[in-house]
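Given next are the chains, with one letter for each unit.
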Amino acid sequence: MQTFYLDHAATSPVHPEVIEKMTEAMTNVYGNPSSIHAAGRYARKVLDEARSILARSIGAKDTEIIFTSGGTEGDNTAIFGVAQALKSKGKHIITTAVEHHAVLHSCEQLEKAGFEVTYLPVDETGRISVESVKEALREDTILVTIMFGNNEVGTIQPIKEIGELLKNHQAVFHTDAVQAYGLEKIDVNELHVDLLSVSSHKINGPKGIGFLYQREKTPFTATFYGGSQERKRRAGTENVHAAVGFAKAVEIAQREMETKRQTYLQFRKIFLEVLEQEQISYKVNGHEEYFLKHILNISFPGMDVESFLVNLDMDGVYASSGSACTAGSIDPSHVLVAMYGKGAPELRNSIRFSFGLGLTEADIQQAAERTARIVKRMTNSLN
Amino acid sequence: MTETRDPSQIRVVVGMSGGVDSSVAAYLLKQQGYDVIGIFMKNWDDTDENGVCTATEDYEDVIKVCNQIGIPYYAVNFEKEYWDKVFTYFLEEYKAGRTPNPDVMCNKEIKFKAFLEHALKLGADYLATGHYARVEERDGEVVLLRGVDRNKDQTYFLNQLTQEQLKKVMFPIGHLEKKKVREIAEEAGLATAKKKDSTGICFIGERNFKEFLSNYLPAQPGNMETLDGKVMGKHDGLMYYTIGQRHGLGIGGAGEPWFVVGKDLKRNVLYVGQGFHNEALYSTSLKAINMSFTSNKPKPKKFACTAKFRYRQEDSPVEVELLDDHRAVITFQVPQRAITPGQAVVLYDGEVCLGGGTIDEVFKNGEKLTYVG
């Protein structure tokens, strides 16, 4: 049976060019970038080249890039790093109700340590208003952390406007750009963000690496101590091979960004057209204008995610919904709760399909047809 | 159950708990060539402040075993259904001074209802579990038979299953002794081969029962009295005691040990009596409600069979008289000790589990024992 991987927002396959580049690096680059001999210098050179590629992709300077282990570390490092550095200036943090858990749970942890956190609400499309940030802003606000694009419903936040708003405020502005990076044009100076986290495995790079952009002079305390790597902002021998692969993935993503955006919009159109043709009742969750092109979150009235996802899996359509609890069952998505309120039917009947490398229009057509077939079968068997 | 299809064309969903029994059930079905899917049921939320719940460990074991066997695994959440159908009933019964059997209710409402429906939605032909019981086709119907391992037989808990449910069920380890099940698990190298059997009611686990219950029901301490009114001490709340119980009374002194013989809900009094064979503990018949039968075939109004009034008890010969409204009067050939309202009475004809009901009232020589409840 042909299978269709429509879960690229969870993680994505490694691009063949990345594999090639990494294999080459693993074969030839073995030195420690901090070593003073030729092998070390070579590793340092390779690492710096990778860093430059990453920096250029967001309009940053090389020195503003801190390698991390991925999005979660980026978010944690940013949030705890700023809180620690600025706690004497204030203990107020602003975030949103729809952040990734890497941000939400970090904020909750800080609340336990005496910080005060404002969780901005979103509208039914998953968007916050700039006005609400303005209202929440206080003299003692030290950090505003708002995601670029949502990982579940794809809604894009007004980052640039918030950046403008914060220009003359002491608060540091962090954005989790894990889902948006590679599909949205990001320039840290245009956006006026101070910190921005990115992950490699979402854009066809290797897992276990990411970066945190840190604007020069942004107040920040490191969480890892040890060697003087990453200008003492993140100790530990650099993951050179992964950095090389990551950089390659970024190059490809930058090169193909516009094509991908158009392709995914077309995928979206095809998928929804099939549902229309098959007379499936559905509703797209998210924003009609401001959305990440690779994420398509659909609510299917009358369906139940738990049996729906299993049926999709058994029919070779790999999608997802919310997040699984530690015992495997699916917890209602906090993003959908924030959008629709507790107990709303969308919490139990929404599925996220996300597009990426290797998919064709024919694949999307077939995957949508299989999805429609399952919906028909399951809604019929219930009636 | 007369299957003519090739096993590979038959999809079986196995309810996996993370224990050795359901692991082996899944393993055996896979060996026999069925299209097997393992599903873990999460019925209870006991997530601690770190977001960890005891179900996590069990689910981890399900993952390991399914990967070893080579079958897909999923989880499903029935917390709401369990709360509404099982736990609410459980609390109501305790409030009414009875001793409920949540496992019977769980099988009836969750495992073989909500979960069975879920399995069918996944295209399953059968639902299998690791219960020690057997199903067999006889005269056009599926009969429920005791597990071969007499010590483990779980038909007591399955007594409420209907013919429609039984037709969709498989018990792959019902023909095995527990010892053999462990051996199979070990030979196959299953991760759960040496895992300790779970004990107690599933949502309470190994925790202190008293403490658990006190989180949900207010405890009202009161007097312990003999049936003729002599105050013997204090009890912590009627819900903590069951008929025939010896431990935890704290009545010292000379003579034979003391036992719970009854409760007076109105006066909040716990009745106690001295001696295991205290006369007050014995009865000769009971009235049952919620009577349900595994067969759809018409039954005579009166018939003789054997019965169990508690799990892991020897059968006793009884005479059953069916009344309207799913009620029955069950008369014992020999007086029975500590018949407890709320517990199940389960009927057997030899190996066949006929069905059962809930013990509602208890009688001695035709007279209702009001002190039992």
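In this text, all values refer to a predicted model and were calculated from it rather than measured experimentally.

**What to know about the sheet that holds strand β4 (residues 126–128) of chain B**
To summarise the sheet geometry, strands pair through backbone hydrogen bonds and adopt either a parallel or an antiparallel arrangement. Reading across the sheet, the 5 strands line up as β3-β2-β1-β4-β7 (chain B) and stay open at both edges, with parallel pairing between neighbours. Because the sheet does not close on itself, it has two edges, and the strands there are β3 (73–77) and β7 (169–170) of chain B.

**Observations regarding the UniProt feature "domain: Aminotransferase class V" (unreviewed entry) in chain A**
Per the UniProt record, "domain: Aminotransferase class V" (unreviewed entry) is found at residues 5–366 of chain A. Structurally, residues 5–366 of chain A is divided into 40% helix and 15% strand, and its ends, taken at the C-alpha atoms, are 12 Å apart.

**Describing helix α6 (residues 178–187) of chain B**
Residues and elements named next belong to chain B. For α6, the set of buried residues is V181, R182 and A185. Buried residues of α6, viewed axially, fall in a sector of 95°; they line one side. Pointing more than 90 degrees away from the buried face of α6 are the exposed residues K179, E186 and E187. Its buried side turned inward, α6 meets α1 (20–31). Backbone geometry just after α6 places G189 at a positive phi near 70°.

**Concerning the interface of chain B and chain A**
Buried accessible area, meaning the area lost when the parts come together, often serves as the stated size of an interface. In this assembly, 15 residues from chain B lie in contact with 11 residues from chain A. Contributing elements (two or more residues each) for the side of chain B that touches chain A: β2 (35–42), α2 (54–69), β3 and α4 (102–121) of chain B. Broken down by class, the residue content of the side of chain B that touches chain A amounts to 9 nonpolar, 4 polar and 2 charged.

**A short note on helix α8 (residues 240–277) of chain A**
Of all bends in α8(A), the biggest is about 60°, found at A:E256. Downstream of α8(A) by one or two residues, A:Q279 has phi in the positive range, about 55°.

**A look at the domain arrangement of chain A**
Residues and elements named next belong to chain A. In terms of domain boundaries, chain A breaks down into domain 1 (4–12 + 257–382) and domain 2 (16–251). Opposite the 24 residues of domain 1 that make contact, domain 2 presents 25 residues. Secondary-structure elements contributing two or more residues to the side of domain 1 that touches domain 2 are α8, β10 (295–299) and α10 (334–340). Here the side of domain 1 that touches domain 2 takes 5 residues from α10, the largest share from any one element. Of the residues assigned to the side of domain 1 that touches domain 2, the class counts are 11 nonpolar, 9 polar and 4 charged.

Conventions and cut-offs
- Sequence order sets the numbering: in each chain, residues are counted from 1 along the sequence as written.
- By the order in which they are written, chains take letters starting at A while ligands take numbers starting at 1.
- Thresholds applied to this predicted model are a pLDDT of at least 70 for local features of residues and 80 or more for the giving and counting of side-chain atom pairs; totals over whole chains, interfaces and linings are not thresholded and use all residues.
- At least two DSSP bridges between two strands are needed for those strands to be called paired.
- Helix numbers and strand numbers start at the N terminus; a helix is a DSSP run of H or I with at least 4 residues, a strand a run of E with at least 2.
- UniProt positions are given in the numbering used here, feature names are shortened, and annotations may be inferred rather than shown by experiment.
- With C-beta atoms placed from the backbone, a residue is buried if 20 or more other C-beta atoms are within 10 Å of its own, exposed if 12 or fewer are, and partly exposed between those counts.
- The arc in question is the one spanned by the directions pointing from the helix axis to the C-beta atoms.
- A pair of residues counts as a contact when their C-beta atoms, built from backbone coordinates, are separated by no more than 7 Å.
- Lys, Arg, Asp and Glu make up the charged group, whereas Ala, Val, Leu, Ile, Met, Phe, Trp, Tyr, Cys and Pro make up the nonpolar group; the residues left over, Gly among them, are polar.
- Two axes define the bend at a residue: one fitted to the seven residues ending there, one fitted to the seven starting there, and the bend is the angle between them.
- For the purposes of this description, domain bounds are those given by an automatic or database domain assignment.

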